[in-house]
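Residue-level listing of the chains:
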Amino acid sequence: MNDKFYALPKEKQDRIINAGFKVFSKNSYRKSPMNEIAAEAGISKSLLFFYFRNKQEFYLFLMKQAEELTTRYVLASGSSNEPDIFEMMYKSLQAKVEMLKEYPDMSSFALKAYYEDDEEVRDEIRKIVEPYTKLSTNKSLPKLNPDDYKEGLDLKLMYQNMYLASEGYLFQMQNKGRIDPDKLLKDFRKLIDFWKELYLK
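Everything numeric here is computed off the predicted structure, so don't read it as measured data.

Q: Help me out: how do you make sense of the overall build of the chain in this one?
A: Summing up its helical and strand segments, the chain has 10 helices and zero strands in all. Along the chain, from the amino end to the carboxyl end, the secondary structure elements read α-α-α-α-α-α-α-α-α-α. Projected onto its principal axes, the C-alpha positions of the chain cover 65 × 30 × 30 Å. Buried residues in the chain amount to 43% of all 201 residues.

Here you go:
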């Protein structure tokens, strides 16, 4: 817990977090200078080092923030309590869209960090992302009524296919640069409607 940083007003915390997300998402870990992050945040480099001992600590802090923010927004969406699998996935994406409006470079940062190979941060990053790289993570089959779906449909395979397709779509959009949250949501609504037509009776 970084008490000095968390003692700041949320607006200032977010400025520093977003500055880190932005600069690190554009460059490798090694080529992202702390003075550029400080300038983006509107603070001095020395003040940034007052909150974080070094670049490594700040980088790993940002990765944990990305993980925690995603969990917080998705839980707040109520998607886990949604009985309709299609609306559950849509609510989950809505939560991520709201998060991207507040932290626009977070997804690009997380994607770049996932592939970061600098020895200063590589092993710690792997520890953070490892649980999310397993196929079973977040893909366990929700309670579904087979009578609602077309006869003979493998519901587990259907759900995993939809999950991987939605993750692949997000990955594709992230690779194109900063995501347009409203377009993403509109496109995903079309995809949800397509799945409903394809799988439901």
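Resuming the write-up.
Q: Hey, could you run me through the environment of Phe194 in this one?
A: Turning to its location among the elements, Phe194 is positioned in helix H10 (residues 181–199). Judged by relative accessible area, Phe194 falls into the partly exposed class, the value being 47%. In this structure, the C-alpha to C-alpha distance between Phe194 and Ala95, residues 99 residues apart in sequence, is 21 Å.

Q: Honestly, the packing of helix H5 (residues 55–77) against helix H8 (residues 122–129) in this entry has me stumped. Any pointers?
A: Any two packed helices are characterised by how steeply their axes cross, that is the angle between the axes, and by the distance between the axes. Interhelical geometry of H5 versus H8 gives an angle of 10 degrees and a closest axis separation of 10 Å. By the criterion of interaxial angle, the relationship of H5 to H8 is roughly parallel. Touching Tyr59, Leu60, Met63, Lys64 and Glu67 of H5 are Glu124, Ile125, Ile128 and Val129, all from H8.

Q: Can you help me understand the packing of helix H6 (residues 85–102) against H10 in this one?
A: Contact pair H6 / H10: the axes reach a minimum separation of 10 Å and the direction vectors enclose 175 degrees. In terms of orientation, H6 lies roughly antiparallel with respect to H10. Contacts from Phe86, Glu87, Met89, Tyr90, Leu93, Gln94, Val97, Leu100 and Lys101 in H6 reach Pro181, Asp182, Leu184, Leu185, Phe188, Arg189, Ile192, Trp195, Lys196 and Tyr199 in H10.

Q: What is the right way to look at helix H2 (residues 10–26) in this model?
A: Residues separated by three or four positions in an α-helix point in the same direction, a consequence of the helix having 3.6 residues per turn. Look at H2: 24 Å from first C-alpha to last across 17 residues, which is about the 24 Å you get at 1.5 Å a residue. Residues of H2 that are buried include every one of Gln13, Asp14, Ile16, Ile17, Asn18, Ala19, Gly20, Phe21, Val23, Phe24 and Ser25, and no others. Check the buried side of H2 and you find it contacts helix H1 (3–6), helix H3 (34–41), helix H4 (45–51), H5, H6 and helix H7 (106–114).

Q: Before we go on, may I ask you to explain the nonpolar core in this structure?
A: Generally speaking, soluble globular proteins have nonpolar side chains that are buried together. By size, the foremost hydrophobic cluster in this structure holds 36 residues, and its most contacted members are Ile16 and Phe58. Those elements giving two or more residues to this core turn out to be H2, H3, H4, H5, H6, H7 and H8. With nine residues, H5 is the single largest residue contributor to this core. Each residue touching Phe58, except ones within four places of it in the same chain, is listed here: Ile16, Gly20, Phe24, Met34, Ile37 and Phe52.

Q: For this particular structure, what's the right way to read the confidence of the model for the chain?
A: Detailed reading of the predicted coordinates is not advisable wherever pLDDT is low. Summary statistics for the chain give a mean pLDDT of 88 and a share of 93% for residues scoring 70 or more. Of all the helices and strands in the chain, helix H9 (residues 155–175) carries the lowest mean pLDDT, 82, while H3 carries the highest, 97. Note that residues 135–139 has pLDDT below 50 and, in this model, 13 contacts with residues that lie over four places away or in other chains.

Q: Explanation requested: the packing of aromatic side chains in the structure shown.
A: Each aromatic ring pair is specified by the distance between its two centres and by the angle formed by the two planes. If you walk through the whole model with that rule in mind, you get 19 aromatic pairs. Seen in terms of ring centroids, Phe24 and Tyr59 are 4.7 Å apart; in terms of plane orientation they differ by 85 degrees. Their pairing is edge-to-face. Note that Phe24 is positioned in helix H2 and Tyr59 in helix H5, a separation of 35 residues in sequence. Across the pair, Tyr59 and Phe24 agree in class, each one buried. Pairing Tyr59 with Phe109 gives two aromatic rings, centres 5.4 Å apart and planes at 70 degrees, and the pair type is edge-to-face. Taken together, the residues Tyr59 in helix H5 and Phe109 in helix H7 connect sequence positions 50 residues apart. One residue, Lys55, lies across the ring of Tyr29, its end atom 4.7 Å from the ring centre. We note Arg189 situated over the ring of Tyr90; from NZ or CZ to the ring centre the distance is 4.3 Å.

Definitions and limits used
- Residues numbered from 1 in each chain as written.
- Predicted model: local features only at pLDDT ≥ 70, side-chain atom pairs only at ≥ 80, totals over all residues.
- Heavy atoms only, no water.
- Helix = DSSP H or I, 4+ residues; strand = E, 2+ residues; numbered from the N terminus.
- Buried < 20%, exposed > 50% of the residue type's maximum accessible area, 1.4 Å probe, protein only.
- Axes fitted to C-alpha atoms, helices over the stretch in contact; angles between N-to-C directions.
- Parallel < 35°, antiparallel > 145°, perpendicular 65-115°, else oblique.
- Contact = heavy atoms within 4.5 Å.
- Expected span 1.5 Å × (residues − 1).
- Core = buried A, V, L, I, M, F, W, Y, C linked by side-chain atoms within 4.5 Å.
- pLDDT = per-residue confidence, 0-100.
- Phe/Tyr/Trp six-rings, centres within 6.5 Å; stacked < 30°, edge-to-face > 60°.
- Lys NZ or Arg CZ within 6 Å of the ring centre and 35° of its normal.

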